[in-house]
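# Analysis of the macromolecular model
Below are the chains, spelled out letter by letter.
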Amino acid sequence: MIREKLSYRIISRLLPAILLLGAAIVTAYYLFARSSIAEHTAANAQMTAKNSVHSIEKIVKQAELIPANLAWMMESGSLERDSLYHFLKKLVENNPLIYASAIAFKPDKNRRLFSPYAYRNDSIVESINLGSETYNYLIMDWYQIPAMLKKPYWTEPYYDEGGANALLSTYSHPFYLIKNGNREFAGIITIDISLEWLTQTVSSVKILESGYALLISGNGVYVTHPDRNNIMNHTIFTRAKEMEIPKLREIGRSMIRGESGFDTIELPQIGKALLYYEPITSTGWSLGVIYPYKEMYASLQKLNLVIVILSAIALALLIIFISTIVGRMLRPLTKFAKSARVVAEGNFSAELPQITSKDEMRELRDSFEFMQRELTVYISNLRETTTAKEKIESELRIAKEIQMGMIPHIFPPFPQIKQIDLYAMLESAKEVGGDLYDFFLLDERNLCFAIGDVSGKGIPASLFMAVTRTLLRSLADRDKTTATILSEINSTLCLNNDSNMFVTFFIGILDTTTGDLRYCNAGHNPPVLIKSGAKAEYFEITKGIPLGLFDDFTFNEQFTKLNGGDQIFLYTDGLTEAENSSNELFSENRLIDSINISESRLPESLVKDVLRSVKLHVADNEQSDDLTMLSILYKRSDEDNSKGKEAEKSITVQSDIAQLQRINNWTEERLSRLGLPEELGNTVNLVIEEAFSNIVFYAYEPGDSEKIDLSLDCEGNMLVIELRDRGRAFDPTAKKDPDTTIPAEEREIGGLGIFLIKKLTDSVEYARIDGVNVLTIRKVVK
Amino acid sequence: MNITSQVTPERIIISIEGRIDTTNYGEFENDINKILDTKTPEVVLDCNSLNYISSSGLRVFLSLHKKMMASGGRLLLKSLQPSIKEIFDISGFSSIFNIG
Amino acid sequence: MRIPKSFLIALLLLTFIQNISAQERSKIVFTPQWQPQAQFAGYYIALEQGYYSQAGLDVTIKHPSATSDIIKILTMGEADIVSAFLIHGMKAQRRGLPIKHFAQMLQHSSLMIVSRKESGIESVEDLGGRKLGIWSSGFDDLIFAMLEERKIDVRIVRILNTVNLFLEGGVDAMTVMHYNEYNTIVNCGVNPEELNTFFMRDLGLNVPEDALYCLESKYKENPEVMEAFAEATLKGWEYAANHKDYAIDLVVRHMKNANLPNNRVHQRWMLERVLEAIDPGEKPVGRGKLSKQDLQLVTSVIN
């Protein structure tokens, strides 16, 4: 299944960018809003302060007018000294703002200290003369400072000690009198103003939650402050020191200098705050308004929270939106994947998703369509090719049938010959093979059989095999030795064998009446001989070389004799070299074993048993070579025995030294049939050999293949050996005996044979009868 | 026919097995000649397993004997079977060869 | 305008106290020479910590009004012990008043002249022809001695008890106590670096200040009581030196009780400066004692 959806991957790549972007927007918004709020707050602060200052100034200015008017009145002489008490009383009574008022005269010669003074005592206004020995107003701030500076002066606020702790400030205004024509400083007119209204005005200024307004005097003393402990006790400078805020001292200095401005300050409890201050110019005081930042930006903080929550929701929606859209866009991919699977299953016309867009999906669909078309074309081409191949294969099949038709495969092949039971089979690894077997009768009693294996496989091998088989059929003859037949086939095959093909070949000619088997091998695997009642074993045969290699190679015929029940089993190396999947060969040992364990001695069953063993061995492995077997059972029937005995008295052999073995075998059997002792065998053998070789060497030209008849029989106690040949007249008895007494170095080599015959037998007679040399040798036996 | 040999500087011992007849005397002669070295002072033919010999075989023996004589060597026949010894006796070879 | 309420009370007390003829032996009324402030922290602590009562004294601290003459308070019997400037005390003795100096609390002079740098007064000599504010309550002896000695002719402006005239620029310079008015000026927004200061102690007039006086008769009667008072007070000062916050708390409490403007910042400054002045330092004299050299110095000043 899909472990990681593409849409998730896209989102996970996009998410950081979106987050970054969102954060940037929120930050930008925040900063903008913040600066906007700051600006707004500043404007607000300024306005608040200015408004407050304005309303304070209004009252202050109003108050200032009173002493100013009084001073003018004094100077203009419209007030008499005596009436001053009364006047001041009225003044105080009529002005609720005024707590007390005094006109302090500068001392002169007439009066030392004179200062009419009207003041509120509870609800009553009383008047006294302030000046006395113990109250020297001349050194008091309210008098001394304006007097010295010659200008009006607002004193530092102070608590009225007499009244109910009212906070007061005295406004002092100098007045002048014309004396001797000169305008001379004459004293100070004061009004004491209660600052209750002032503190109320300032305290009523509400700024956010914990912001506030404050008022400081010209000395920096707190006149109003939310913390009552500060009022009149602290100056802004002592607070600055106490709170360890050096900046506050600087701000305070600006304030008492009568400046206005903004500043930010970090205050305990309130935290960072915006401060705006504005002077009350006439009094020298200063008003400050404080806006705590956290409250200023409280709404912003709230808004921020809302924005963050909204952003989170928007982000979640975005993720859902993207995954939906991407999922929808990529849905065709899933369909393509399905279609690809369908195509892989062989259905090239698998339905493709409809793509209406003109994007990469469309491209993919076009490529897919193209792939389907190409696949269809390719597969149709492939079909044609396959058909052609099948045609070739069918022709090969026919070729195989023809090839198979060339070798006999009707069993039993010779029902008329009772001595023979024969079975053969050929199983090609390919359609046509290079193995062959053949058997046919040369006359009514001689069976020629052969097995061969052409080098290589396939058609060339099969053709070579056909040629070999044809040559065999045309060259085989009862009167030829097997060696001669092979030599002739060999010479013919060597002609024009440009492809250097060769064939291993084994030929045998079995005299079905006697069991005599002549055979010759051309590099083929040794056949298996299964003697009646004995274990199977390999033939001891001359290996020879395969046919088709050297045209002048001399093949030798060999001879053996089959007795009743003996069987000869021929095969090709396809059998012994059959491989299983572990590359183990079936091997010659297994072949012998499989023959031995076969319960049946009938060729057909034997061949099939062996085939089963081979197949069992090979198992699933592919058959790599042709499997060919030919097995012949020799079963001489009882009725033939007498005829056979008769026939055994004589033997006809070719005038070839190679026939000696056959002769020896025959001789031994003959002697035993005649009931003669075995010790005689060597002597008789020697005699026959010497006689036979004499005939071969002297009666015939070398290479002649003429027949020599040999018979062996008993006449009484006389063993008679007779040799007949049609060669040149040659009398071996005529030859002079060699001198056996002379030293070896003087002895001739030769002539010894006939001498030995004479010495070993009792008579040797030669006769030439009708062009036939007849040599009769007799030996007395017990 | 099969022959095996044992070669020492002083002598060569050749064991002959089976038959020597007209069909294989040539082969036998060739084999012997291959083994023989003219400088070998003594050649022993062990005939214990020699079952049969015909005149062709005898001729090979004789030519071998001549060859040895010519090079001043010695040919010794050993362990002849009775039937073989009989052939040697009949052919007069017994008097020529050193038979031990 | 400050109505001198305390002044009225003092007038009333004058007749009242005179009627009390006999005083109990251990009952002591102590009057410092000024309104409550850290200058008297040692007395408050000695009282609060029971050093006086431990010494067998029943002490009452009674502050005078701003305009009171402290020697008068003593001679009139309003107080058994007063704290007064050594100079004042000696001048009173010179006038023949029977008062006894029995302890010297502040060993060093805190008196100084301060001027704004912008006024161009770089030395006391520059004061010549300039306006010098001097409090009217008698800090002038030493200043005059100094001016006379140096032959500096200044225009003296008497001031009651604020620094406002100086701040307003009505005078070019002002005599102030280092532990008090100097710091008040600073606390009104004038930075120290904007001021030039001239200490009397640097001008060869390191005259001891606060001293304890009683009537000679009373001292003769019971010298142990006076000495015990002085000793307990020094103990109080020692405690103050080690517990400044506590001392300031106590001072501020006294100030609040007297309805005086108060703030810890200023009182801390004052306490620290006063503690410095109490410590004899290099002077060859013990705490609470007056050295012969200083006695000679003061004598020469007032002559």
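Each value, and the rule that gives it
Residues numbered from 1 in each chain as written. Chains lettered and ligands numbered in written order. Predicted model: local features only at pLDDT ≥ 70, side-chain atom pairs only at ≥ 80, totals over all residues. Heavy atoms only, no water. 1 Å grid on protein atoms, 1.4 Å probe; cavity = no way out; pocket = protein on both sides within 12 Å on 5 of 7 lines; lining within 4 Å. Points joined across faces, edges and corners; volume = space filled by probe spheres on them. Helix = DSSP H or I, 4+ residues; strand = E, 2+ residues; numbered from the N terminus. Nonpolar A, V, L, I, M, F, W, Y, C, P; charged D, E, K, R; others polar. Domains from an automatic or database assignment. Pairing = 2+ DSSP bridges. Axes fitted to C-alpha atoms, helices over the stretch in contact; angles between N-to-C directions. Buried < 20%, exposed > 50% of the residue type's maximum accessible area, 1.4 Å probe, protein only. Arc of directions from axis to C-beta. Contact = heavy atoms within 4.5 Å. Buried area = accessible area lost by both parts, 1.4 Å probe. Salt bridge = Lys/Arg side-chain N within 4 Å of Asp/Glu carboxyl O. Polar contact = N/O pair within 3.5 Å; in protein donor to acceptor, adjacent residues only side chain to side chain. Phe/Tyr/Trp six-rings, centres within 6.5 Å; stacked < 30°, edge-to-face > 60°. Lys NZ or Arg CZ within 6 Å of the ring centre and 35° of its normal. Parallel < 35°, antiparallel > 145°, perpendicular 65-115°, else oblique. Left-handed = near helix turned anticlockwise from the far one by under 90°.

One pass over the structure, following the stated rule, counts six cavities of 30 Å³ or more. One number sums up the size of the largest cavity: a volume of about 110 Å³. What lines the largest cavity is a set of 14 residues, among which Phe85(C), Ile87(C), Leu111(C), Leu142(C) and Glu209(C) lie closest to the centre. Secondary-structure elements contributing two or more residues to the lining of the largest cavity are α5 (86-94) and α6 (140-150) of chain C. Residues that form the lining of the largest cavity fall into these classes: eight nonpolar, three polar and three charged. The residue makeup of the lining of the largest cavity includes at least three contributed by each of domain 1 (24-108 + 208-302) and domain 2 (111-203) of chain C. Lining the second largest cavity, in full, are Ile695(A), Ala699(A), Asp725(A), Phe730(A), Pro732(A), Tyr766(A), Asn773(A) and Leu775(A).

Residue and element names in this part refer to chain A. Ordered in space as β13-β22-β21-β18-β19, the five strands form an open sheet in which the pairing is antiparallel. Looking along the sheet, the strands with just one partner apiece sit at the ends: β13 (420-427) and β19 (536-538). Between one strand axis and the next, the sheet turns through 15° on average, direction left out of account. Across six bridges, strand β21 (residues 566-571) lies against strand β22 (residues 627-634) in antiparallel orientation. Bridge pairing links Asp-566 to Tyr-634 in β22.

Attention shifts here to helix α13 (residues 587-597) of chain A. Residues and elements named next belong to chain A. Taken as a whole, α13 has its buried residues at Leu-591, Ile-592, Ser-594 and Ile-595. Here the buried residues of α13 occupy an arc of 165° about the axis, which is enough to place them on one side. Seen from the open side of α13, the exposed residues pointing more than 90 degrees away from its buried face are Asn-589 and Ile-597. Turning to α13, the residues buried within the fold contact β18 (528-530), β19, β21, α12 (573-576) and α14 (603-618).

Turning our attention to the interface of chain C and chain A. Across the contact, 33 residues belong to chain C and 34 residues belong to chain A. Surface buried jointly by chain C and chain A totals about 3,000 Å² across both partners, of which 55% is contributed by carbon and sulfur atoms. The interface formed by chain C and chain A contains one salt bridge. With a shortest N-O distance of 2.5 Å, Glu194(C) and Arg253(A) are connected by a salt bridge. In this assembly, chain C and chain A are joined by 14 residue pairs in polar contact (both at pLDDT 80 or more). Every element with two or more residues in the side of chain C that touches chain A is listed here: α1 (5-18), β7 (155-159), α7 (164-168), α8 (181-187) and α12 (264-278) of chain C. Looking at the side of chain C that touches chain A, its residues break down into 16 nonpolar, ten polar and seven charged.

Another aspect to go through is helix α4 (residues 196-203) of chain A. Of all the positions in α4(A), only Trp197(A), Leu198(A), Thr199(A) and Val202(A) are classed as buried. Of the surrounding secondary structure, the elements contacted by the buried residues of α4(A) are α1 (6-76), β6 (167-179), β7 (182-194), β8 (212-216), β9 (222-224) and β12 (285-292) of chain A.

Right, let's talk about the interface of chain B and chain A for a bit. Contacts between the two partners involve 26 residues from chain B and, on the opposite side, 27 residues from chain A. Carbon and sulfur atoms supply 62% of the area buried between chain B and chain A, which totals about 2,000 Å² over both sides. Here chain B and chain A share zero salt bridges between them. Our count for the chain B to chain A interface comes out at seven residue pairs in polar contact (both at pLDDT 80 or more). If you list the elements that add at least two residues to the side of chain B that touches chain A, you get β3 (42-53), α2 (55-70), α3 (82-91) and α4 (93-96) of chain B. Ranked by residues supplied to the side of chain B that touches chain A, first place goes to α2(B) with nine residues. For the side of chain B that touches chain A, the residue count by class is nine nonpolar, twelve polar and five charged.

Turning to the packing of aromatic side chains, a few remarks are in order. Taken as a whole and judged by the stated rule, the model has 41 aromatic pairs over all chains. Consider the rings of Tyr519(A) and Phe539(A), whose centres lie 5.1 Å apart with planes at 55°: the pair is tilted. Of this pair, Tyr519(A) sits in strand β17 (residues 516-522) while Phe539(A) sits in the loop between β19 and β20 (558-561), placing them 20 residues apart in sequence. Residue Tyr519(A) is classed as buried on the basis of its relative accessible area, which comes to 4%. The structure contains a cluster of three or more aromatic residues connected by ring pairs, namely Phe30(C), Phe40(C), Tyr43(C), Tyr52(C), Phe229(C) and Trp237(C). Above the ring of Phe114(A), the side-chain terminus of Arg111(A) is found at 3.9 Å from the ring centroid. One residue, Lys272(A), lies across the ring of Tyr293(A), its end atom 5.2 Å from the ring centre.

Moving on, we get to the packing of helix α18 (residues 752-760) of chain A against α2(B). The interhelical angle for the contact between α18(A) and α2(B), taken along N-to-C directions, is 120°, at an axis separation of 9 Å. Taken together, the axis directions place α18(A) and α2(B) in an arrangement best described as oblique. The way α18(A) lies across α2(B) gives a crossing that is right-handed. Together, Leu752(A), Gly753(A) and Leu756(A) of α18(A) and Ser55(B), Leu58(B) and Arg59(B) of α2(B) make up the contact between the two elements. When its residues are assigned to classes, the contact of α18(A) with α2(B) shows three nonpolar, two polar and one charged.

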